[in-house]
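# Structural overview for review
Residue-level listing of the chains:
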Amino acid sequence: MISVEEAYQYCRRLTHRCGPHFSVGFRFLPPSKQNAIYAVYAFCRYADDIVDEAQEAALEELLKSWQEELDRCYQQKPTHPITVALADAIKKYPIPKKGFEGLIEGCRMDLLYNRYPNFDSLMVYCDLVATTIRDLSLPVFGYRDPKGVAYGRALSTALQLTNIVRDIGEDLGRGRIYLPLDEIKAAGYSEEELTARVKNEAFLKLMRFQCDRIRNYFNESAQLIPMIEADARLSVSLMRNVYVALIDRIEKDPFTVLDRQIRLSWWGRGQVIARTLIGRSVS
């Protein structure tokens, strides 16, 4: 059996490889919280990768197996490096099993739906795959004001919606459209044009609407930061600010998302870190 330390290292490597933007702030957490959040992210990422990478016929069985591994984890009988780490983390932080179960259920939605008629239906999905991350992360970050739960939902929603607009091209390659169909139509665009990756003024109008809404969620989520325990505030601020920088990039060249996923370079992420640190010192 792999040691707990080796298991945390496994989760750390997976997180930095698969979530270079999401994990920027994790490096600034104290060791115990850092280990726990790596384990949380790795579990969620593994479930997401099942949906994105496995053969369709095997997806349900793989998700079922991961659910069974979650059960073993909470019984302190883990058999996978990720759950070995997570089993240790849940001894130290009140990380709810229900959050992981919601995340798995959200991944299962990807087996059932590849279109969303409106924003309300998309938010059902977002609450499963994103708001559950709030439920899993806040116990690790620590917070005292119950209003933090609502602001945490705003942040998790902003992060997920950023992923959706960033990954438009990749999702088209998998036959999926997460942008609400009624909003596509309202912009004067069409599902057929999106599938064909047509670049026109209607697409730009659609993207302006999406980015404006995401910014509103990010603006609301700023109120979460002072509610987080002091040793985790920088981490959460960086996570938020890196994704705001992604939206900045997307807004400068919206057509790019049709062809490839926009990423921040190490230099770009370093600039976000510097600006965030300067902002903290000024405030």
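Here's a quick rundown of the structure. (Residues numbered from 1 in each chain as written. Predicted model: local features only at pLDDT ≥ 70, side-chain atom pairs only at ≥ 80, totals over all residues. Heavy atoms only, no water.)

What follows is about the overall build of the protein chain. Helices and strands together make up the secondary structure of the protein chain, namely 14 helices and zero strands. For the protein chain, the α and β elements follow one another from N to C terminus as α-α-α-α-α-α-α-α-α-α-α-α-α-α. A compact globule built from 283 residues would reach a C-alpha radius of gyration of about 19 Å, and the protein chain, at 19 Å, matches this within 12%. Dimensions of the protein chain along its principal axes, counting C-alpha atoms only, are 55 × 55 × 35 Å. Among the 283 residues that make up the protein chain, the fraction classed as buried is 54%. (Helix = DSSP H or I, 4+ residues; strand = E, 2+ residues; numbered from the N terminus. Rg over C-alpha atoms; globule rule 2.2 N^0.38 Å. Buried < 20%, exposed > 50% of the residue type's maximum accessible area, 1.4 Å probe, protein only.)

The next thing to look at is the layout of surface pockets. Each pocket or cavity is described by its volume, and for the largest pocket that value is around 1,000 Å³. The wall of the largest pocket is formed by 48 residues, among which Tyr 41, Arg 45, Asp 48, Gln 160 and Asn 163 lie closest to the centre. Elements supplying a minimum of two residues to the lining of the largest pocket: helix H1 (4-18), helix H2 (31-53), helix H5 (97-112), helix H6 (119-141), helix H7 (147-166), helix H8 (168-173) and helix H12 (230-252). No other element matches the nine residues that H2 contributes to the lining of the largest pocket. (1 Å grid on protein atoms, 1.4 Å probe; cavity = no way out; pocket = protein on both sides within 12 Å on 5 of 7 lines; lining within 4 Å. Points joined across faces, edges and corners; volume = space filled by probe spheres on them.)

Let us now look at unusual backbone geometry. Here Gln 76, not a glycine, exhibits a phi torsion of approximately 60°, which is positive. At Arg 197, a residue that is not glycine, the phi angle is positive and equals roughly 55°. With respect to the helices, strands and loops of the structure, Arg 197 is situated in the loop between helix H10 (191-195) and helix H11 (201-221).

It is possible for side chains bearing opposite charge to pair when their charged atoms get close. Per the counting criterion, the structure on display carries 19 salt bridges. Between Lys 199 and Asp 259 there is a salt bridge, and its shortest N-O distance comes to 2.5 Å. Of the two residues, Lys 199 is situated in the loop between H10 and H11 and Asp 259 in helix H13 (residues 256-259); the sequence distance between them amounts to 60 residues. Judged by its relative accessible area of 42%, Lys 199 falls in the partly exposed class. When its relative accessible area of 49% is taken as the criterion, Asp 259 is described as partly exposed. Via salt bridges that share partners, Lys 33, Glu 229 and Asp 231 belong to a single interconnected network. (Salt bridge = Lys/Arg side-chain N within 4 Å of Asp/Glu carboxyl O.)

Tracing the backbone shows Asn 114 in the loop between H5 and H6. For Asn 114, a relative accessible area of 39% gives the class partly exposed. Asn 114 sits 63 residues away from Ile 177 along the chain, and the two C-alpha atoms are 6.0 Å apart. Setting aside residues no more than four positions away along its own chain, Asn 114 makes contact with Gly 175, Arg 176 and Ile 177. Looking at Asn 114, its side chain comes within polar contact range of the side chain of Arg 115, at 3.5 Å. (Contact = heavy atoms within 4.5 Å. Polar contact = N/O pair within 3.5 Å; in protein donor to acceptor, adjacent residues only side chain to side chain.)

All told, the structure shown has 10 aromatic pairs when counted by the stated rule. Note on Phe 26 and Tyr 38: the rings are 5.9 Å apart at their centroids and 80° apart in plane angle, and the pair reads as edge-to-face. With Phe 26 in the loop between H1 and H2 and Tyr 38 in helix H2, this residue pair connects regions lying 12 residues apart in the sequence. On the accessibility criterion, Phe 26 (2% relative accessible area) is buried. Here the aromatic rings of Phe 43 and Phe 100 are separated by 4.8 Å at their centres, their planes lie at 65°, and the arrangement is edge-to-face. Of the two residues, Phe 43 is situated in helix H2 and Phe 100 in helix H5; the sequence distance between them amounts to 57 residues. (Phe/Tyr/Trp six-rings, centres within 6.5 Å; stacked < 30°, edge-to-face > 60°.)

Interpretation note: all reported values are geometric properties and have no functional meaning in isolation.
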